[in-house]
Amino acid sequence: MENSHVNENNRTQVQPVLKSKLEEFRLLGVDSVTEQGLWEYLIKKKWKKVKHEMRLYEMIQEILSVKVSDYLNYVTIESYKTSEFSIENEEELKELLK
């Protein structure tokens with residue numbers, strides 16, 4: 001990440017909580033989530049407007065409150081933002097526009 005987030009200093013302290021949340025996701029059938037992916041979600045979505053360093057208990061509370069559906073919605077939207085859509089074949093374009 002280009003700029004370090006204000007809560008980056010506490011990442012090692014909350015790592016057991018991140019692992020616990022990942023285990024919860026796995027129990028619910030979502031195996032594709034990584035620790036880095038969950039951390040990015042927290043920084044880019046939940047803590048986007050945080051300007052001060054959060055207290056440790058606040059970070060833990062926020063991590064534990066993450067819902068699988070919220071994370072999956074975030075990942076879906078991010079994938080739409082980064083994907084490039086192009087149709088090179090004119091026939092495919094005509095099919096799509098039918």
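Structure shown above.
Residues numbered from 1 in each chain as written. Predicted model: local features only at pLDDT ≥ 70, side-chain atom pairs only at ≥ 80, totals over all residues. Heavy atoms only, no water.

Undergrad: I would appreciate a short explanation of the pattern of salt bridges in the present structure.
TA: As a working rule, side chains carrying opposite charge can pair if their charged atoms are close by. Under the criterion given, the structure shown has three salt bridges. One salt bridge in this structure joins Arg 11 and Glu 8, with 3.9 Å as the shortest N-O distance. Accessibility expressed as a relative area gives 26% for Glu 8, which makes it partly exposed. A salt bridge links Glu 24 to Lys 21, with the nearest nitrogen and oxygen atoms 3.0 Å apart. With Glu 24 and Lys 21 both in helix 1 (residues 11-27) and three residues apart, the pair spans about one turn of that helix. By relative accessible area, which is 34% here, Glu 24 ends up partly exposed. (Salt bridge = Lys/Arg side-chain N within 4 Å of Asp/Glu carboxyl O. Buried < 20%, exposed > 50% of the residue type's maximum accessible area, 1.4 Å probe, protein only. Helix = DSSP H or I, 4+ residues; strand = E, 2+ residues; numbered from the N terminus.)

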